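Summary of structural features
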Amino acid sequence: MMKDMLTEIDHVAIAVNDLESAIAWYQEVFGATVAHRERVESDGVEEALLAVADSYVQLLTPIRDDSPVAKYLANKGEGLHHVGYRVDDCAAALQSVKDAGGRVIDEAPRPGSRGTTVAFVHPKTSFGTLIELVQE
Ligand code: CO
């Protein structure tokens, strides 16, 4: 049997229209702490990571109209956008998806936020959920 490549939930990403309001809500209602904020120009998003034990809730908002998150919000509205699974080896996990005949969004691992290495798996392959493979 193959070794389990998914070592932890890295983050659950939620697309929001107003990042500041969403952060304020988590802080006021749950006392949540912002562990990290970043604008990821290449993805056209701004994100805030709220610490939940060793994982994060990632609040995501578009910074450009052509960002995939902008399209998501326009089509589906606010809500769960993707699940980030922590892996030891992003390239190996991505290859495993391809070997199983799965569709990927990133053909090769690329830089993500917080200095991570990431790759996305197409939701058509992964039962309707966009998956991000995250290597720290
Ligand atoms: Co993510």
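What this report covers is the structure whose coordinates are included nearby.

Cut-offs used in this document
- Residues numbered from 1 in each chain as written.
- Predicted model: local features only at pLDDT ≥ 70, side-chain atom pairs only at ≥ 80, totals over all residues.
- Heavy atoms only, no water.
- Helix = DSSP H or I, 4+ residues; strand = E, 2+ residues; numbered from the N terminus.
- Rg over C-alpha atoms; globule rule 2.2 N^0.38 Å.
- Buried < 20%, exposed > 50% of the residue type's maximum accessible area, 1.4 Å probe, protein only.
- Phe/Tyr/Trp six-rings, centres within 6.5 Å; stacked < 30°, edge-to-face > 60°.
- Contact = heavy atoms within 4.5 Å.
- Polar contact = N/O pair within 3.5 Å; in protein donor to acceptor, adjacent residues only side chain to side chain.

1. Structural notes on the overall build of the protein chain
What the protein chain contains, in helices and strands, is three helices and eight strands. When the helices and strands of the protein chain are placed in sequence order, the string is β-α-β-β-β-α-β-α-β-β-β. The globule rule puts the C-alpha radius of gyration for 136 residues at 14 Å, and the 15 Å found for the protein chain is close to it. Dimensions of the protein chain, computed from the C-alpha atoms along their principal axes, are close to 45 × 30 × 25 Å. Considering the protein chain as a whole, with its 136 residues, one finds that 42% of them fall into the buried category.

2. Quick look at the packing of aromatic side chains
By the definition in use, this model includes three aromatic pairs. Ring centres 5.3 Å apart and planes at 85 degrees place the aromatic pair W25 and F30 in the edge-to-face group. Overall, the relative accessible area of 46% leaves W25 in the partly exposed class. Among the aromatic side chains, those forming a connected cluster through ring pairs are W25, Y26 and F30.

3. Section: the environment of G102
Mapped onto the elements, G102 comes out in the loop between helix 3 (90-99) and strand 6 (110-111). A C-alpha to C-alpha distance of 8.1 Å links G102 and S126, two positions 24 residues apart in sequence. Contact partners of G102, with chain neighbours within four places excluded, come to V97 and T125.

4. Comments concerning the side chain of D106
Positionally, D106 belongs in the loop between helix 3 and strand 6. The class of D106 is buried, set by a relative accessible area of 11%. One polar contact links D106 to R110, side chain to side chain, over a distance of 2.9 Å. Apart from residues no more than four positions distant in its own chain, D106 is found in contact with L94, A119 and F120.

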